[in-house]
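# Per-entry structural report
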Amino acid sequence: MPAARCSQPGFGVISTDEEGPHEDRPDEARKPWSQRAHDGQLEPGGDHDTWLILAGRGFGKTQAGVEWIAEQVLARPNLRIALVSATVEEARDVMVLGISGFLALRPEVVEKWVPSRGEVHFVGGSIGKLFSGANPERFRGFQHHLAWCDELAKWRKAMDSWDNLQFGLRLGEHPKALVTTTPASSEALETILADRHTVVTRGTTFDNPHLPKRFLDKMLELHGHTHKGRVELYGEMPPPAGAL
Ligand SMILES: Nc1ncnc2c1ncn2[C@@H]1O[C@H](COP(=O)(O)OP(=O)(O)OP(=O)(O)O)[C@@H](O)[C@H]1O
Ligand SMILES: [Mg+2]
């Protein structure tokens, strides 16, 4: 397959598959996502409206989001997709330009990254637009088939942003959201967890076989037996605010 090329103002035209996490294992990178994913990174079957990946740091949440959207735009044309992070800058730097972002991992599904509009133009006419979980009003007027919400538990106005996103998640037969987050005390996250239309997959930092052993050993030593470690590494929900 020819190198996918993406235009990024300020960087000129770059070939995004000349470097990145898969450069030392090209055969692995060519396998379909269903064969590269580890447990918890693939959407379960069923009739849910929201798929929540609730997992520890470095589990592979962001990569799972990128790969899920990539598979969706390859399967269907002309999707309108909300890409939501704590801020628009974070959505850009992590979801689009990051090491686990679209341009690094799935450049072949990206036609064009348009920073001035905060839009990723995908193959098949689909468009992903960046939103901030700190700016709920911004969702008004937009309609979507799909949404991917990264690190929702740390959005500054998570409940209002989630609600406003849901009001516009109304295109196509079965609008759907993927939420990828490390747990934290959050009304929005607790609401999503309690919703009968949510399906949850879980995982820990140690479930990602692609992280260096040295890092995992250090995390275990520093945080393996602490409250912080239970939340950040093992992906356990902290008690609701006020419960202690
Ligand atoms: N199935 C996979 N195959 C190969 N590499 C993977 C896979 N899943 C994750 N990785 C790699 O593991 C690293 C961590 O993944 P990612 O950034 O998606 O984790 P995360 O859970 O979003 O982390 P954080 O908690 O920091 O947001 C990245 O380099 C990513 O590309
Ligand atoms: Mg991430």
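Basis of the calculations
Residues numbered from 1 in each chain as written. Chains lettered and ligands numbered in written order. Predicted model: local features only at pLDDT ≥ 70, side-chain atom pairs only at ≥ 80, totals over all residues. Helix = DSSP H or I, 4+ residues; strand = E, 2+ residues; numbered from the N terminus. Buried ≥ 20, exposed ≤ 12 C-beta atoms within 10 Å, placed from the backbone. Contact = placed C-beta atoms within 7 Å. Near = placed C-beta within 6 Å. Arc of directions from axis to C-beta. Pairing = 2+ DSSP bridges. Right-handed = clockwise from strand over helix to strand, strands pointing away. Axes fitted to C-alpha atoms, helices over the stretch in contact; angles between N-to-C directions. Expected span 1.5 Å × (residues − 1). Core = buried A, V, L, I, M, F, W, Y, C linked by C-beta atoms within 7 Å. pLDDT = per-residue confidence, 0-100.

### A word on the overall build of the protein chain
- Counting its secondary structure elements, the protein chain contains nine helices and ten strands.
- For the protein chain, the residues scored as buried account for 38% of the 244 residues in total.
- In the protein chain, the share of contacts with a sequence separation of at least 24, taken over all contacts with a separation of at least 6, comes to 72%.

### What to know about the site of ligand 1
- In the neighbourhood of ligand 1, 17 residues make up the surrounding shell, with G60, K61, T62, Q63 and S100 lying closest.
- Considering each element in turn, the shell around ligand 1 owes the most residues, three residues, to helix 3 (residues 61–75).

### Quick look at helix 4 (residues 88–96)
- All of the buried residues in helix 4 are E90, A91, M95 and V96. One side of helix 4 holds all its buried residues, which, seen down the axis, span an arc of 165°.

### Considerations on the pairing of strand 9 (residues 176–181)
- Judged by how many residues are buried, strand 9 sits mostly within the fold: five of six residues are covered.
- Inspection of the sheet shows strand 3 (residues 50–55) paired to strand 9 by five bridges, in the parallel sense. If you follow L52 over to strand 9, its bridge partner there is V179.
- With five bridges joining them, strand 8 (residues 146–150) and strand 9 adopt parallel strand pairing. Bridge pairing in strand 9 links D150 to T180.
- One crossover worth recording links strand 8 to the parallel strand 9 by way of helix 6 (residues 158–168), and it is right-handed.

### A word on the sheet that holds strand 8
- With mixed pairing, eight strands are arranged side by side in an open sheet as 5-6-7-4-8-9-3-10. A strand with exactly one partner marks an edge of an open sheet, and here the two such strands are strand 5 (110–114) and strand 10 (198–203). Averaged over all pairs of adjacent strands, the angle between strand axes in this sheet comes to 15°, irrespective of strand direction.
- Against the sheet, helix 3 contacts strand 3, strand 4 (80–85), strand 6 (119–122), strand 7 (127–132), strand 8 and strand 9, and its axis sits at roughly 160° relative to strand 9.

### Describing helix 3
- Compared with an ideal rise of 1.5 Å per residue, which puts 15 residues at 21 Å, helix 3 spans 21 Å between its outermost C-alpha atoms and is within 8% of the ideal.
- Counting buried positions along helix 3 yields twelve of 15 residues, so the element is predominantly enclosed.
- Here helix 3 has its buried residues at K61, T62, Q63, A64, G65, V66, E67, W68, I69, A70, Q72 and V73.

### What to know about the nonpolar core
- I81, L83, V84, F102, A147, W148 and L152 are the most contacted members of the largest nonpolar core, which totals 49 residues.
- The dominant element in this core, judged by the number of residues it contributes, is helix 3, at six residues.
- Residues within four places of W148 in sequence aside, it is in contact with G65, W68, I69, I81, L83 and L178.

### Comments concerning the confidence of the model for the protein chain
- For the protein chain, per-residue confidence averages 90 on the pLDDT scale, and residues scoring 70 or more make up 86% of the total.
- In this model, residues 1–24 is a region of pLDDT below 50 whose contacts with residues beyond four sequence positions or in other chains number 31 contacts.

### Overview of unusual backbone geometry
- The phi dihedral of N78 falls on the positive side, at around 60°, and the residue is not glycine.
- Although it is not a glycine, E151 adopts a positive phi angle of roughly 50°.
- You can see E151 is positioned in the loop between strand 8 and helix 6.

### Things to note about the environment of T191
- Within the fold, T191 resides in helix 7 (residues 187–194).
- Since 14 C-beta atoms lie within 10 Å of it, T191 is described here as partly exposed.
- Separated by 29 residues in sequence, T191 and W162 place their C-alpha atoms 9.9 Å apart.

### Describing the pairing of strand 5
- As paired strands, strand 5 and strand 6 are joined by four bridges and run antiparallel to one another. Residue V114 lies in a different strand from strand 6, and its bridge partner there is E119.
- Joining the antiparallel neighbours strand 5 and strand 6 is a turn of four residues, in which G118 adopts a positive phi near 60°.

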